[in-house]
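These are the residues of each chain, in order.
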Amino acid sequence: MSIHPSSASQDDHVRLNASYRSHPSRFLAIDIGGANLKFFHSDGLAVSRTFPMWLRSQELGSAIVEVASSLAPVDAWGVTMTGEMADGFENRAAGVREIVEQTIKAAARLGVSDVGFYATSGVLVSQRDAIQSSRLVASANWHALSKWITTWIDRPSLLIDVGSTTADLIPVSPGQVDTKSQTDFDRLYGDELVYLGISRTPVCALVDALPVADRWVPVMRELFASIDDCAIILGLVEESATETDTCDKRPRLKKHAVARLARMIGLDGDDLTWPQIESMAKHVIESARARLTRAATKHESHARSQWIISGHAKPLIEVPEGIPTIDLAERLGAEISRVAPAYAICQMMQSRHLVARCAH
């Protein structure tokens, strides 16, 4: 198991390549999700790629190589994952094994032998240990971001990181992550993991009906529209003519978002007035905010002190008045904030809070 150098002993022998021992070194951190691959290079480059793990898990290694080979060579990789939850795998252990093995092969193709996998024990572990202790490696990216934040905050805080699929609400304090949760099961029960994300949460999973004039119309239980469509309609997020990761694969443009939302109640976009469309979208966004607010109240002591928001949190979060707030998108930039767990791992590797162990 990898350890912080300051606590190493003769028995804690970690074999590293000479290139890694020389300082400074270049690092690549990778967050392997169920729907996206996110990279952060120590040169300061952030990259995010759509990757539907449940459909293309056998292509993972090639997808990693495609991105990593376009970046400057590095001495070590730090890897975290949530993709093992994809239902293309028989179970989480099988998912971890497949992801670890494909990642190791991808690294070897690029001449990288130092690869560590982040565990909720707060360290990077080897290929063998990641597979043997799969539950500590599975879905650990939330802990990586939390651990990094504990290295620079000066007071207890509530971290809220909203991604495309889920939201993490983690209580943290200077020097420690204030949760005993180790698995998604624990975190769901403790309202530290809310399965609500900006782009992959369908409207029908969040609300039962939508307001149209003076009527509440039940929604269709179909994947016609998402939270993202409602955020686009209300101008909470920017449109994009090139992004097509939507329910109908049409671009993330307002006109298509309107059509997708109208379809939830059996109509076309031009069947509704703009005030009616706005009202429907507002109801969805307000429902998302209410769900996240309920979860935040479970962590009252930290929530009263300071909020740290990350990823896509801003459109879906209402910070109580008077509470200090740090917006990682403003602090780091929007692109880096979207790959925050990968950025966190890279920063900790650079500062020697984490050490990558040779795969052997």
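Predicted model only: the values in this text are computed from it and were never measured.

Cut-offs used in this document
- Residues numbered from 1 in each chain as written.
- Predicted model: local features only at pLDDT ≥ 70, side-chain atom pairs only at ≥ 80, totals over all residues.
- Heavy atoms only, no water.
- Helix = DSSP H or I, 4+ residues; strand = E, 2+ residues; numbered from the N terminus.
- Rg over C-alpha atoms; globule rule 2.2 N^0.38 Å.
- Buried < 20%, exposed > 50% of the residue type's maximum accessible area, 1.4 Å probe, protein only.
- Contact = heavy atoms within 4.5 Å.
- Areas by Shrake-Rupley, 256 points an atom, 1.4 Å probe, with all protein chains shown as cover.
- Core = buried A, V, L, I, M, F, W, Y, C linked by side-chain atoms within 4.5 Å.
- Pairing = 2+ DSSP bridges.
- Axes fitted to C-alpha atoms, helices over the stretch in contact; angles between N-to-C directions.
- Phe/Tyr/Trp six-rings, centres within 6.5 Å; stacked < 30°, edge-to-face > 60°.
- Salt bridge = Lys/Arg side-chain N within 4 Å of Asp/Glu carboxyl O.
- Parallel < 35°, antiparallel > 145°, perpendicular 65-115°, else oblique.
- Nonpolar A, V, L, I, M, F, W, Y, C, P; charged D, E, K, R; others polar.
- pLDDT = per-residue confidence, 0-100.
- Left-handed = near helix turned anticlockwise from the far one by under 90°.

1. Brief notes about the overall build of the protein
- Along the protein, the regular secondary structure elements total 15 helices and 14 strands.
- Computed over the C-alpha atoms, the radius of gyration of the protein is 21 Å, within 12% of the 21 Å expected from 2.2 N^0.38 for a compact globule of 360 residues.
- If you line up the protein on its principal axes, its C-alpha atoms span 75 × 45 × 35 Å.
- Residues counted as buried form 53% of the 360 residues belonging to the protein.
- A separation threshold of at least 6 residues defines the contact pool for the protein, and within that pool the share at least 24 residues apart is 64%.
- Taken as a whole, the protein presents about 16,200 Å² of accessible surface, with 48% of it coming from carbon and sulfur.

2. Topic: the nonpolar core
- Core analysis: the biggest nonpolar cluster contains 44 residues, and L169, L210, L261, L292 and L316 have the highest contact counts within it.
- Only strand 7 (157-162), strand 8 (167-173), strand 11 (209-212), helix 9 (227-233), helix 10 (254-263), helix 11 (274-297) and strand 13 (307-311) provide two or more residues apiece to this core.
- Top element by residues in this core is helix 11. It accounts for 9 residues.
- Excluding anything up to four places from it in sequence, L261 contacts V203, L210, A225, C230, I233, I277, M280 and A281.

3. Considerations on the sheet that holds strand 2 (residues 36-41)
- The mixed open sheet is built from 6 strands, whose spatial order is 3-2-1-4-5-6. Every interior strand has two partners, whereas the edge strands, strand 3 (46-50) and strand 6 (124-125), have only one.
- Inspection of the sheet shows strand 1 (residues 27-32) paired to strand 4 (residues 76-81) by 6 bridges, in the parallel sense. Directly across from A29, in strand 4, lies its bridge partner G78.
- Strands strand 1, strand 4 and strand 5 (114-118) of the sheet are contacted by helix 7 (residues 141-149), whose axis makes an angle of about 95° with strand 5.

4. Some words on the environment of I277
- Considering the arrangement of structural elements, one finds I277 in helix 11.
- Owing to a relative accessible area of 1%, I277 belongs among the buried residues under this scheme.
- Other than its neighbours up to four places away in sequence, I277 contacts I233, V258, L261 and L272.

5. Quick look at the packing of aromatic side chains
- In this structure the tally under the stated criterion is 3 aromatic pairs.
- Pairing W148 with W152 gives two aromatic rings, centres 5.4 Å apart and planes at 65°, and the pair type is edge-to-face.
- Exposure remark for W152: the relative accessible area of 23% places this residue in the partly exposed category.

6. Focus: unusual backbone geometry
- Despite not being glycine, D191 has its phi angle at roughly 55°, a positive value.
- Among the structural elements, D191 can be located in the loop between helix 8 (184-189) and strand 10 (193-194).
- Positive phi, normally seen in glycine, also occurs at A213, with a value near 55°.

7. A short note on the pattern of salt bridges
- For the structure shown, the criterion picks out 21 salt bridges.
- We note a salt bridge from R155 to D154, for which the minimum N-O separation is 3.3 Å.
- Taking the relative accessible area as the measure of exposure, R155 reaches 31% and is therefore partly exposed.
- D248 is paired through a salt bridge with R260; the nearest N and O atoms lie 2.8 Å apart. Residue D248 is found in the loop between helix 9 and helix 10, and its partner R260 is found in helix 10; the two are separated by 12 residues along the sequence.
- Residues joined by salt bridges that share partners form a network here, namely D229, D248, R250 and R260.

8. Topic: the packing of helix 10 against helix 11
- Across the interface, helix 10 lies against helix 11 with an axial gap of 11 Å and an inter-helix angle of 75°. Between helix 10 and helix 11, the crossing angle belongs to the class labelled roughly perpendicular. Seen from helix 10, the contacting residues are K254, V258, L261 and A262; seen from helix 11, they are W274, I277, M280 and A281.
- Split into classes, the residues belonging to the contact of helix 10 with helix 11 amount to 7 nonpolar, no polar and 1 charged.

9. With respect to the pairing of strand 3
- One ladder, built from 5 bridges, connects strand 2 with strand 3; its direction is antiparallel. Bridging from a neighbouring strand, K38 pairs with S48 of strand 3.
- Hairpin remark: strand 2 followed by strand 3, antiparallel, with 4 residues in the connecting loop; positive phi at G44, about 105°.

10. Some points on the confidence of the model for the protein
- Here the protein shows a mean pLDDT of 90. Residues at 70 or above account for 91%.
- Here residues 1-24 is a poorly scored stretch, pLDDT under 50, and it has 49 contacts once near neighbours within four places are set aside; other chains count.

11. Digging into the packing of helix 3 (residues 60-68) against helix 4 (residues 92-109)
- At a minimum axis distance of 8 Å, the contact between helix 3 and helix 4 shows a crossing angle of 40°. Compared by their axis directions, helix 3 and helix 4 come out oblique. In the crossing of helix 3 with helix 4, the sense of the turn from one axis to the other is right-handed. Touching L60, G61, S62, I64 and V65 of helix 3 are I99, Q102, T103, A106 and R109, all from helix 4.
- Residues belonging to the contact of helix 3 with helix 4 are distributed by class as follows: 5 nonpolar, 4 polar and 1 charged.

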